[in-house]
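The lines below spell out each chain.
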Amino acid sequence: MKTAICYYSRHHGNTRKVIEAMAQEGDVDLIDVTSRQAVRLEDYDCVGLASGIYGFEVHRAAVDFARQYLPQGKPVFFVCTYGGATGTGDKAFRRIAEDKGCPVLGAFACKGFDTFGPFKLVGGIAKGHPNTEDLQNARAFYREIAARVQNGGRA
């Protein structure tokens, strides 16, 4: 199964760490949504959309990328990392998937080290995340997604 995970990850690289762990489980291409490369997501069996939570939402660059490049009807899954709370989390990704008739295979979220804004004053929150357990959970999540896609969408 060929998978593309399209991501936005800045500050501490939390989201990138999580999707790199997932990529160890199969034939996965990681696509930075800010790289301005030509993308043909039609060539993949499924697509992951990944972002840290910034101001309680996934980053606008990831949303814009998904709106532009996600093919109609392509199976999709979501990955988010967050410092304090998921906020509205992957809601914007879900809306785009729904608009494009893309079946949603699942969502993975875990804590990530965060020093944005006032959190910097206290040395950050969610220190040490994503940790080994978070990354193991991410790999297990991706294996489940891959099995579902290979079984025609069935668990």
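Residues numbered from 1 in each chain as written. Predicted model: local features only at pLDDT ≥ 70, side-chain atom pairs only at ≥ 80, totals over all residues. Heavy atoms only, no water.

K.L.:
Go over the environment of Gln72, please, and point to the residues and values.
P.N.:
Take Gln72: it is sitting in the loop between helix H2 (60-69) and strand E5 (76-82). In the structure, Gln72 is positioned 30 residues away from Cys102 in sequence and 6.2 Å away in space, judged by C-alpha atoms. A distance of 3.5 Å separates a polar atom in the side chain of Gln72 from the backbone oxygen of Lys100. (Helix = DSSP H or I, 4+ residues; strand = E, 2+ residues; numbered from the N terminus. Polar contact = N/O pair within 3.5 Å; in protein donor to acceptor, adjacent residues only side chain to side chain.)

K.L.:
Tell me what's going on with the packing of helix H1 (residues 14-23) against helix H4 (residues 132-150), and back it up with residues and numbers.
P.N.:
Their axes nearest at 8 Å, the elements H1 and H4 cross at an angle of 50 degrees. Taken as axis vectors, H1 and H4 run oblique relative to one another. Our pair here, H1 against H4, has a crossing hand that is right-handed. Residue-level inspection shows Lys17, Val18, Ala21 and Met22 of H1 in contact with H4, the latter providing Leu135, Ala138, Arg139, Phe141 and Tyr142. When the residues that make up the contact of H1 with H4 are grouped by side-chain class, the tally is seven nonpolar, no polar and two charged. (Axes fitted to C-alpha atoms, helices over the stretch in contact; angles between N-to-C directions. Parallel < 35°, antiparallel > 145°, perpendicular 65-115°, else oblique. Left-handed = near helix turned anticlockwise from the far one by under 90°. Contact = heavy atoms within 4.5 Å. Nonpolar A, V, L, I, M, F, W, Y, C, P; charged D, E, K, R; others polar.)

K.L.:
Explain the nonpolar core to me, using residue names and the numbers behind them.
P.N.:
In terms of nonpolar packing, the biggest core is built from 26 residues, with Cys6, Ile31, Leu41 and Leu49 touching the most fellow members. The residues contacting Leu49, other than those within four sequence positions of it, are Cys6, Ala66, Leu70, Val76, Phe77, Phe78, Val79 and Phe93. Within the second largest apolar cluster, 22 residues are counted, among which are Ala23, Val79, Leu105 and Phe108. (Core = buried A, V, L, I, M, F, W, Y, C linked by side-chain atoms within 4.5 Å. Buried < 20%, exposed > 50% of the residue type's maximum accessible area, 1.4 Å probe, protein only.)

K.L.:
Give a description of the side chain of Thr81 that names residues and reports values.
P.N.:
As for its position among the elements, Thr81 is in strand E5. Classification of Thr81 by relative accessible area gives buried; the value is 5%. Within the structure, the side chain of Thr81 is placed 2.7 Å from the side chain of Thr15, a separation counted as a polar contact. When near neighbours in sequence (up to four residues on either side) are disregarded, Thr81 contacts Asn14, Thr15, Val18, Ser51, Gly52, Ile53 and Cys110.

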